[in-house]
Amino acid sequence: MKNKKHILAIAMIIAGVFRLHAATVPTTVLYHKILNNKDTYPELRIDKNTKAGYTPGGLEITGKGGLVQLDKYYSLGERMIRYHVRFSQDAVAVFQSNTGDFKVSVNMIDKTVSVATHPESWKKMDFLDPENEYIVEIYRLYQKNTIRIIDLFTGEADQIELVTDGTGGCGIGAVSSGFHAGGQHDYYCFGLQSGTSVLIKQISVMAGACDLLLLIYGASISEPEGYFPTKDFPEAWTQLIQKNIKGEAISSGRGGCQIAEVLERIKNELPYVKAKYVMVTIGTNGGNTEENLSELVEYILGQGSIPILNNIPCNESGTQVEVNRVIEKVRRKYNINGCRFDLATSVKHDGKEVDKTTMYHEDYTGSYGWQIYHHPNVKGSRRMYLRTLIDIPEIYE
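If you're wondering where the values come from, they're calculated on a predicted model, not measured in any experiment.

Reading guide: rules and limits
- Residues numbered from 1 in each chain as written.
- Predicted model: local features only at pLDDT ≥ 70, side-chain atom pairs only at ≥ 80, totals over all residues.
- Heavy atoms only, no water.
- Patch = residues over 30% accessible without salt bridge, like charges linked within 9 Å, V, L, I, M, F, W, Y side chains within 5 Å.
- Areas by Shrake-Rupley, 256 points an atom, 1.4 Å probe, with all protein chains shown as cover.
- Salt bridge = Lys/Arg side-chain N within 4 Å of Asp/Glu carboxyl O.
- Helix = DSSP H or I, 4+ residues; strand = E, 2+ residues; numbered from the N terminus.
- Buried < 20%, exposed > 50% of the residue type's maximum accessible area, 1.4 Å probe, protein only.
- Pairing = 2+ DSSP bridges.
- Axes fitted to C-alpha atoms, helices over the stretch in contact; angles between N-to-C directions.
- Core = buried A, V, L, I, M, F, W, Y, C linked by side-chain atoms within 4.5 Å.
- Contact = heavy atoms within 4.5 Å.
- pLDDT = per-residue confidence, 0-100.
- Polar contact = N/O pair within 3.5 Å; in protein donor to acceptor, adjacent residues only side chain to side chain.
- Parallel < 35°, antiparallel > 145°, perpendicular 65-115°, else oblique.
- Left-handed = near helix turned anticlockwise from the far one by under 90°.
- Nonpolar A, V, L, I, M, F, W, Y, C, P; charged D, E, K, R; others polar.
- Expected span 1.5 Å × (residues − 1).
- Phe/Tyr/Trp six-rings, centres within 6.5 Å; stacked < 30°, edge-to-face > 60°.

> Account for a nonpolar patch on the surface, naming residues and giving values.
Together, L386, L389 and I390 make up an exposed nonpolar region whose accessible area comes to about 260 Å². Note on placement: I390 falls in helix α7 (residues 378-391). For I390, a relative accessible area of 60% corresponds to the exposed category.

> An account of the sheet that holds strand β2 (residues 44-46) is requested, with residue identities and associated values reported.
Ordered by their spatial adjacency, seven strands build an open sheet running β2-β5-β14-β7-β8-β9-β10, and the pairing between neighbours is antiparallel. Edge positions in the sheet fall to β2 and β10 (121-124), since each has one partner strand and no second. The mean inter-strand angle of the sheet, taken between neighbouring strand axes irrespective of direction, is 15°. Of the strand pairs in this sheet, strand β8 (residues 103-107) and strand β9 (residues 112-115) are connected by four bridges, and their pairing is antiparallel. The residue bridging V106 from the neighbouring strand is V113, located in β9.

> Describe in detail the sheet that holds strand β18 (residues 275-281), supporting the description with residues and values.
Across the sheet, four strands lie side by side as β17-β16-β18-β19; this open sheet has parallel pairing. Lying at the two open borders of the sheet, with one neighbouring strand each, are β17 (249-253) and β19 (306-309). Within this sheet the neighbouring strands show an average axis-to-axis angle of 15°, counted without direction. The pairing of β18 with β19 spans four bridges and is parallel. Bridging from a neighbouring strand, V280 pairs with L309 of β19.

> Kindly report on the nonpolar core, identifying the contributing residues and their values.
Y83, F87, F95, I149, F190 and I200 are the most contacted members of the largest nonpolar core, which totals 80 residues. Ranked by residue count, the leading element in this core is helix α3 (residues 259-273), at six residues. If we skip the residues at most four places from it in the chain, F95 touches Y83, V85, F87, F102, K103, V104, V106, V136, I138, C189, F190 and I200. Among the nonpolar cores identified, the runner-up in size contains 20 residues, and I221, I245, M279 and F341 belong to it.

> Residue-level account of the confidence of the model for the protein, with values.
Across the protein, the average pLDDT comes to 93, with 94% of residues at or above 70. Confidence over residues 1-23 falls short of pLDDT 50; this stretch has two contacts with residues more than four positions distant or in other chains.

> Outline the side chain of N288, supporting the account with residue identities and numerical values.
Note that N288 resides in the loop between β18 and α4 (290-302). On the accessibility criterion, N288 (12% relative accessible area) is buried. A distance of 2.9 Å separates a polar side-chain atom of N288 from the backbone oxygen of I282. Setting aside residues up to four positions removed in sequence, N288 forms contacts with I259, I282, G283, L293, V323, V326 and I327.

> Summarise the pattern of salt bridges; cite the residues concerned and give the values.
If you walk through the whole model with that rule in mind, you get 19 salt bridges. As a salt-bridge pair, E137 and R82 come within 2.9 Å of each other at their nearest N and O atoms. Of this pair, E137 sits in strand β11 (residues 134-141) while R82 sits in strand β6 (residues 78-87); the two residues are 55 residues apart in sequence, bridging distant segments of the chain. Given the relative accessible area of 8%, E137 is considered buried. By relative accessible area, R82 is classed as partly exposed at 27%. Of the charged contacts, one joins R254 and D186 as a salt bridge, the two residues approaching to 2.5 Å between their closest N and O atoms. In this pair, R254 is assigned in the loop between β17 and α3 and D186 in the loop between β13 (157-163) and β14 (188-194), connecting sequence segments 68 residues apart. One exposure class covers both R254 and D186, and it is buried. The structure contains a network of salt bridges with shared partners spanning R82, E137 and R148.

> Describe the packing of helix α2 (residues 237-244) against α7, and please don't skip the residues or the numbers.
Viewed as axis vectors pointing N to C, α2 and α7 meet at an angle of 40°, and their least axial separation amounts to 8 Å. When the axes of α2 and α7 are compared, the pair comes out oblique. Between α2 and α7 the crossing geometry is right-handed. Facing W237, L240, I241 and N244 of α2, the residues of α7 in contact are S381, R382, M384, Y385 and T388. Of the residues in the contact of α2 with α7, the class split is five nonpolar, three polar and one charged.

> Tell me about α7, and please be specific about residues and values.
Helix length check: α7 (14 residues) gives 20 Å between terminal C-alpha atoms against 20 Å at 1.5 Å per residue, within 8%. Of the surrounding secondary structure, the elements contacted by the buried residues of α7 are α2 and α6 (341-344). For α7, the N-terminal capping position is held by N377, with its side-chain oxygen 3.1 Å away from the main-chain nitrogen of K379.

> Pulling in residues and values, what's your account of the packing of aromatic side chains?
Under the criterion given, the structure shown has 15 aromatic pairs. A ring pair is formed by Y83 and F190, whose centres lie 5.5 Å apart and whose planes are at 70°; its orientation type is edge-to-face. Note that Y83 is positioned in strand β6 and F190 in strand β14, a separation of 107 residues in sequence. As far as burial versus exposure is concerned, Y83 and F190 are alike and both buried. Residues Y385 and Y396 carry aromatic rings whose centres are separated by 6.3 Å and whose planes lie at 80° to one another, so their mutual orientation is edge-to-face.

Take a look at the structure:
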C-alpha cells in the first residue's frame, strides 16, 4: 500500500509539472472543447430565448432565432474557429459574430452556404447531406475571410473566399467604393435560424501562429484591414512592420475599443501564442489612466513578454497631446520603450498638430457633422513604420 501511495504521489507531481509546462508552451490553440453532457461549459452562454441542451453527442440546439455565444473575446488578425457539426435535413444554421458584422448561413434544404454581405455572397454545395457530419471552418486573415465546409464522411469540401476592400476615408474623403467582408467582431456565436436542430459536437479556436516575435494591439488605428483599400493594404503600418521583422508577428486591432478591451483580448490570446514583444497603441477613444496603463504593462510583464507602449498618432482635435503625456509617464515608471507615432504624423514633427496629408479624410457632414483625420493613410503609415526604426529598433534585430 505504501508503494502504491508513493507511486500515486509521484504520478500526481509529474501530472502537475506537465500541466504547468503545457500552460506555458506556445500554442496556436486558443480554445478547444468536445461538448457532451458529462461536463459544464460556463463560457458558452446560451441565449435565454434559445432552446438548447447538452447531450452525449454534443450541444443540441432546437430553439430557433437565438444564439449561443463563446464568451472569449478575440481579435487576432489571423485566426480560425472550427466547429464539428451535424445538421438536421431541414436546418438553416448560422455562425456569426456577436455584433452581426459577419454571418454565415448553412442551408441544408437548398444545399447552399451564404454570407450576409452587401450584396449577399453564396455558393451551392450539393454534397451537403444530413446523414453526414461536417467541419465548418471560418478563417480570418486580415482582410480575407474564408468559409470552408468539409464532409467528415466523404472528404468532400468547398469554400467561399471574401476580401474586404476598405474605402479609406468617408464621404468626400473616400478613395474606394469598398466592400465589407466582416471583421468578425468580437465573440463567436452560433444558432439555428430554422428547421429541427443543429448539433455542435466540438469547438476549436486557433491562432495563425505562435511563439511570436511581436504581437501588435490597439484600436482602429491598429486595424487598418478595416478601412484600407485592398490594393494599398500591404502598405499599412502594421503590415510594413510585419514584413520587415525577422520573426512571426500578428496584429490584434479593434476599432472603437479602449484599454480595458485591449487587456481582455490580451488575456485571451497572449498566454497561449506567447510573444517576445507586445506592442500597444491605445488611447484615441479615451480610458487611458495611469492605473489602467500600469495594469496593462504589469500583465504583459507577468506573461514574460516585453511591453512596448507607443504614443498615439495626432488627430484633428489634438487629444493625443494629453494622452501621450500619461503614456510617457508610464513608460518612465516601468523603464520600457515606445514609438513616437505623434511625431511621425504632426505638421512640425513635434506631436502637436496633425498633418492631414498623413491621414484619411473622414467626412461625416451628412451624419455627425465631423471632419476626422486620425486614421493613417499610406503616407502616414510609411512615416509611422520609419519611426519604429528609430525608436524601437530592437524588434528588427
